[in-house]
Amino acid sequence: MTVREWIAQRTPPPPVVLSERMLAALAGDADLPASRTADVCLAAATRSLDVILSGNCFTREAGGALDLLTVDGLAAYAFEHASQLGSMQSMQSLDALAVRGAHQLGLLMTQRV
């Protein structure tokens, strides 16, 4: 199973336009093994947020709302995937992902805003 297939199996499914935007943000990473979902979704969320902040695209007219929903959806899927493993090791992985995500996204905010 690939990251793309894992996302396609989410219930309830995201709106089509949001799913398309998340897959576009993942680019080639969408075809990586599903075991990498947490990492690649977090990386895509970080890249997408960097584009938003760099371009000052915060208004609805600039597509900012959908862009922010894309970042949110990718981050949510990263944490959902990490939390599904259910073992003590996965809880440690989830903790590490949360720390890494907070650091990466927070660093972008302080650099760009």
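The paragraphs below set out a description of the structure included in this document. Treat the numbers as computed from the prediction; the structure is a model and nothing was measured.

### What about the pattern of salt bridges?
- By the definition in use, this model includes 4 salt bridges.
- Residue R21 is joined to D67 by a salt bridge in which the shortest nitrogen-to-oxygen separation is 2.0 Å. Placement of R21 in helix 2 (residues 16–26) and of D67 in helix 4 (residues 64–83) is noted, with a sequence separation of 46 residues between them.
- On the basis of relative accessibility, which here comes to 31%, the residue R21 falls in the partly exposed class.
- Among the ionic pairs, R47 bridges to D29, the shortest N-O distance being 4.0 Å. Of this pair, R47 sits in helix 3 (residues 37–55) while D29 sits in the loop between helix 2 and helix 3, and the two are 18 residues apart along the sequence.
- Overall, R47 belongs to the partly exposed group, its relative accessible area being 40%.

### So, the environment of A45
- Along the chain, the position of A45 falls in helix 3.
- The sequence separation of A45 and A25 amounts to 20 residues, and the corresponding C-alpha distance is 7.7 Å.
- Ignoring any residue separated from it by four or fewer positions in sequence, one finds A45 in contact with V71, L74, A75 and L105.

### A closer look at the packing of helix 3 against helix 4
- Between helix 3 and helix 4, the least distance of the axes is 8 Å, while the angle of their chain directions is 160 degrees. One way to sum up the angle between helix 3 and helix 4 is to call them roughly antiparallel. Helix-helix and strand crossings are classified by hand; for helix 3 and helix 4 the assignment is left-handed. Only D67, L68, V71, L74, A75, Y77, A78, H81 and A82 of helix 4 make contact with helix 3, whose side of the interface consists of T37, A38, C41, L42, A44, A45, S48, L49 and I52.

### Details of helix 3
- With 19 residues, helix 3 extends 27 Å between its outermost C-alpha atoms, agreeing within 8% with the 27 Å of an ideal straight helix rising 1.5 Å per residue.
- Taken residue by residue, helix 3 has T37, A38, V40, C41, L42, A44, A45, T46, S48, L49, I52 and L53 as its buried positions.

### Points about the side chain of S48
- Looking at the secondary structure, you find S48 in helix 3.
- Look at S48 and you get buried, because its relative accessible area is 15%.
- Of the polar contacts made by the side chain of S48, one reaches the backbone oxygen of A44; its length is 2.9 Å.
- The contact partners of S48, leaving out residues within four places of it in the chain, are A25, V71 and L74.

### Quick word on the nonpolar core
- Core analysis: the biggest nonpolar cluster contains 28 residues, and I7, L26, C41, L74, Y77 and L97 have the highest contact counts within it.
- Counting only elements with at least two residues in this core, the list comes to helix 1 (3–8), helix 2, helix 3, helix 4 and helix 5 (88–112).
- If one sorts the elements of this core by residue count, helix 3 sits on top with 9 residues.

The rules behind these values
Residues numbered from 1 in each chain as written. Predicted model: local features only at pLDDT ≥ 70, side-chain atom pairs only at ≥ 80, totals over all residues. Heavy atoms only, no water. Salt bridge = Lys/Arg side-chain N within 4 Å of Asp/Glu carboxyl O. Helix = DSSP H or I, 4+ residues; strand = E, 2+ residues; numbered from the N terminus. Buried < 20%, exposed > 50% of the residue type's maximum accessible area, 1.4 Å probe, protein only. Contact = heavy atoms within 4.5 Å. Axes fitted to C-alpha atoms, helices over the stretch in contact; angles between N-to-C directions. Parallel < 35°, antiparallel > 145°, perpendicular 65-115°, else oblique. Left-handed = near helix turned anticlockwise from the far one by under 90°. Expected span 1.5 Å × (residues − 1). Polar contact = N/O pair within 3.5 Å; in protein donor to acceptor, adjacent residues only side chain to side chain. Core = buried A, V, L, I, M, F, W, Y, C linked by side-chain atoms within 4.5 Å.

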